[in-house]
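Here is how the chains run, residue by residue.
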Amino acid sequence: MAITFSMDGKEITAEENQTLLEAARENGIDIPTICFHEATTANALCRICVVEVEGMRTLQPACIIKAASQMKVQTRSERVVRARRTILEMLASTMDLSESPEIQKMMKDYGADANRFPDAERRESEVKDDNPMYVRDYSKCLLCWRCVQVCAEDAQYTFAINFSGRGFETQIATFYDRTIPETSCVLCGQCVAVCPTGALKPKREFLLEQGMTPQQIGVLNSGRKKRK
Ligand code: SF4
Ligand code: FES
């Protein structure tokens, strides 16, 4: 059944089950997203997509809130912009966004100050290089959960990775922090494909950045195949 509601003063017609994000996108209204990905179940973890809904006390994540008849939604009010800017500033203060061009662009758009929280504890991690396909650098991880979801019910049903730890210690990890070859991982690469920050990176790209030539990488790979 079709419903109508208002978004930024514009009358919008949407299907009853559509989220505010879907309705916005169909109507050319831009709402930024970070954790949301078409291939994964929306979990509303990052909160960058928040909007103001008349009558609701708190800002609402557009990626999971369903459009309803007569709703009045503001996607770019002062309160919304301030909230998004703060989220971006918190991300920039706690993790490495150097390989997240989309988030860097959002920071510019929202006038976010990367040094707003100078005393914030940064997420530091050694690069985990333990398999032939990809490396993991959790200092760049914003815990969007996409990789865990595609590894599980959203795609692969492999369950090689999950959240571990609590609070600020929360991170993505294998069970008992085992190396990737010791897990059920089948090296399908889907986690790497959905990672928005470069925390998961193809091994070849990583080795090229480390200064190896394509020839040296080829020799490395053929040696690995022979050892199998
Ligand atoms: S590793 Fe990438 S995909 Fe996985 S939670 Fe972190 S940022 Fe998201
Ligand atoms: S995109 Fe909606 S909460 Fe992250």
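Computed from a predicted model, the values in this text were never measured in an experiment. (Residues numbered from 1 in each chain as written. Chains lettered and ligands numbered in written order. Predicted model: local features only at pLDDT ≥ 70, side-chain atom pairs only at ≥ 80, totals over all residues.)

## What to know about the site of ligand 1
Piece 1. Taken together, 14 residues are adjacent to ligand 1, and C141, C144, C147, C195 and A199 come closest.
Piece 2. Residues of the shell around ligand 1, tallied by class, amount to 12 nonpolar, 1 polar and 1 charged. (Near = placed C-beta within 6 Å. Nonpolar A, V, L, I, M, F, W, Y, C, P; charged D, E, K, R; others polar.)

## Considerations on the sheet that holds strand β2 (residues 10–15)
Piece 1. Strand order across the open sheet formed by 5 strands is β2-β1-β5-β3-β4, with mixed pairing between neighbours. In this open sheet, the two edge strands, each paired with only one partner strand, are β2 and β4 (60–61).
Piece 2. Across 2 bridges, strand β1 (residues 2–7) lies against strand β5 (residues 72–74) in parallel orientation. Residue S6 lies in a different strand from β5, and its bridge partner there is K72.
Piece 3. Its contacts with the sheet place helix α2 (residues 78–94) against β3 (50–53) and β5, and it is angled at close to 155° to β3. (Pairing = 2+ DSSP bridges. Helix = DSSP H or I, 4+ residues; strand = E, 2+ residues; numbered from the N terminus. Contact = placed C-beta atoms within 7 Å. Axes fitted to C-alpha atoms, helices over the stretch in contact; angles between N-to-C directions.)

## Considering the domain arrangement of the protein chain
Piece 1. Annotation of the protein chain at the domain level lists domain 1 (2–76) and domain 2 (134–227).
Piece 2. For domain 1 versus domain 2, the separation of C-alpha centres amounts to 32 Å.
Piece 3. Looking at side-chain class alone, the side of domain 1 that touches domain 2 contains 5 nonpolar, 4 polar and no charged residues. (Domains from an automatic or database assignment.)

## Observations concerning the environment of A193
Piece 1. With respect to the helices and strands, the residue A193 is situated in helix α5 (residues 190–194).
Piece 2. Here A193 falls in the partly exposed class, since 15 other C-beta atoms lie within 10 Å of it.
Piece 3. Sequence separation of A193 and R82 is 111 residues, and the distance between their C-alpha atoms is 31 Å. (Buried ≥ 20, exposed ≤ 12 C-beta atoms within 10 Å, placed from the backbone.)

## What about the pairing of β2?
Piece 1. By the bridge criterion, 6 bridges tie β1 to β2 in an arrangement that is antiparallel. Considered in β2, the bridge of S6 is made with E11.
Piece 2. In textbook terms, the turn of a hairpin is the stretch between consecutive antiparallel strands, and for β1 and β2 this stretch comprises 2 residues, one of which, D8, has a positive phi near 50°.

## Some details on the environment of L143
Piece 1. With respect to the helices and strands, L143 occurs in the loop between β6 (134–136) and α4 (146–151).
Piece 2. With 56 residues separating them in the primary sequence, L143 and A199 have C-alpha atoms 9.9 Å apart.
Piece 3. With residues up to four places along the chain from it excluded, the contact list for L143 reads L45 and T170.

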